Amino acid sequence: MTLKVQATTREETLTYLLREGVSSASNLSACMGISVQAMRRHLRSLELDGLVASSPIAEGPGRPSNLWQLTLKGQNLFNNGSGSEKFALELLDSIEDTLPNELISSLLNNQSLHKANLYRRLIGNGNLTVRLEKLVELRNAEGYMAEIHPSKDGSDSWILNAFHCSIRSIAEKYPIICDQELELIRSIFDDCQVMRVQWRLEYGHSCGFQITPK
């Protein structure tokens, strides 16, 4: 029974850090419903496995506390399609060696257009909230760990977040794929204004898009 609880806490801790980016041991302990001491033991165990890392932060007088975040190894735990991603990256590298950049961009644009058409068929028309929820279901099925929530600025906007990128290593080498993702969402929701508000390749721990009805 104890081993099962530890495994659950371990998975929940990793998932929480993936979604939130960073957290203190005290905050994690409150979220997991365990003592701070027990949480610190979990974090040290994860640190020994190379899945999390800490950085000190001063919070008033006394010893600085630590903020914890996932390492690249920890993030890769959520990448169930790593073999397929490796194959796709090697294929793109091979294509890059033989074709001009303009043709590669054209091929990627065609793929993005095909995917947008597929998404539109699956999502359909109607209420924006329903369509956004269907998009989240599709993205989660592809491993993006997406969620949608109303914007906190009091507007009619929605914020779409993706806390995990199933093709991160490909996007890092070919950032044009991220531009196409933005155009993909704009194409699906052509009755809305879509802007990227966070890009994990530059800053933040997720990719975020603001979707506002026109």
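Just so we're clear, the structure is a prediction, and the values are computed from it rather than from any experiment. (Residues numbered from 1 in each chain as written. Predicted model: local features only at pLDDT ≥ 70, side-chain atom pairs only at ≥ 80, totals over all residues. Heavy atoms only, no water.)

K.L.:
Can you walk me through the overall build of the protein chain in this structure?
P.N.:
Within the protein chain, the secondary structure is distributed over nine helices and seven strands. When the 214 residues of the protein chain are sorted by exposure, 36% land in the buried category. Once local pairs closer than 6 in sequence are excluded, the contacts in the protein chain between residues at least 24 apart make up 50%. Taken as a whole, the protein chain presents about 12,400 Å² of accessible surface, with 54% of it coming from carbon and sulfur. (Helix = DSSP H or I, 4+ residues; strand = E, 2+ residues; numbered from the N terminus. Buried < 20%, exposed > 50% of the residue type's maximum accessible area, 1.4 Å probe, protein only. Contact = heavy atoms within 4.5 Å. Areas by Shrake-Rupley, 256 points an atom, 1.4 Å probe, with all protein chains shown as cover.)

K.L.:
Mind showing me how you'd approach the packing of aromatic side chains here?
P.N.:
Under the definition given, this model contains zero aromatic pairs. Directly above the aromatic system of tyrosine 144 lies the positively charged group of arginine 139, at a separation of 4.0 Å from the ring centroid. Seen from the ring of tryptophan 199, arginine 196 lies directly overhead, with NZ or CZ sitting 4.9 Å from the centre. (Phe/Tyr/Trp six-rings, centres within 6.5 Å; stacked < 30°, edge-to-face > 60°. Lys NZ or Arg CZ within 6 Å of the ring centre and 35° of its normal.)

K.L.:
Explain the confidence of the model for the protein chain to me, please; I cannot follow it from the model alone.
P.N.:
In low-pLDDT segments, the atomic positions of the prediction should not be examined closely. Per-residue pLDDT for the protein chain averages 80, and the proportion of residues at 70 or more is 84%. The model gives residues 1-7 a pLDDT under 50, and that stretch makes one contact with residues more than four places away or in other chains. (pLDDT = per-residue confidence, 0-100.)

K.L.:
Can you walk me through the sheet that holds strand β5 (residues 158-162) in this structure?
P.N.:
Adjacent strands of a sheet form backbone hydrogen bonds with each other and so pair up, either parallel or antiparallel. With antiparallel pairing, the four strands of this open sheet are ordered in space as β4-β5-β7-β6. The strands lining the two open edges of the sheet, one partner per strand, are β4 (146-150) and β6 (192-198). Adjacent strand axes in the sheet meet at a mean angle of 20 degrees, parallel and antiparallel pairs treated alike. Pairing of β6 with strand β7 (residues 207-213), which is carried by six bridges, proceeds in the antiparallel orientation. In the strand pairing of β7, methionine 195 is matched with glutamine 210. (Pairing = 2+ DSSP bridges. Axes fitted to C-alpha atoms, helices over the stretch in contact; angles between N-to-C directions.)

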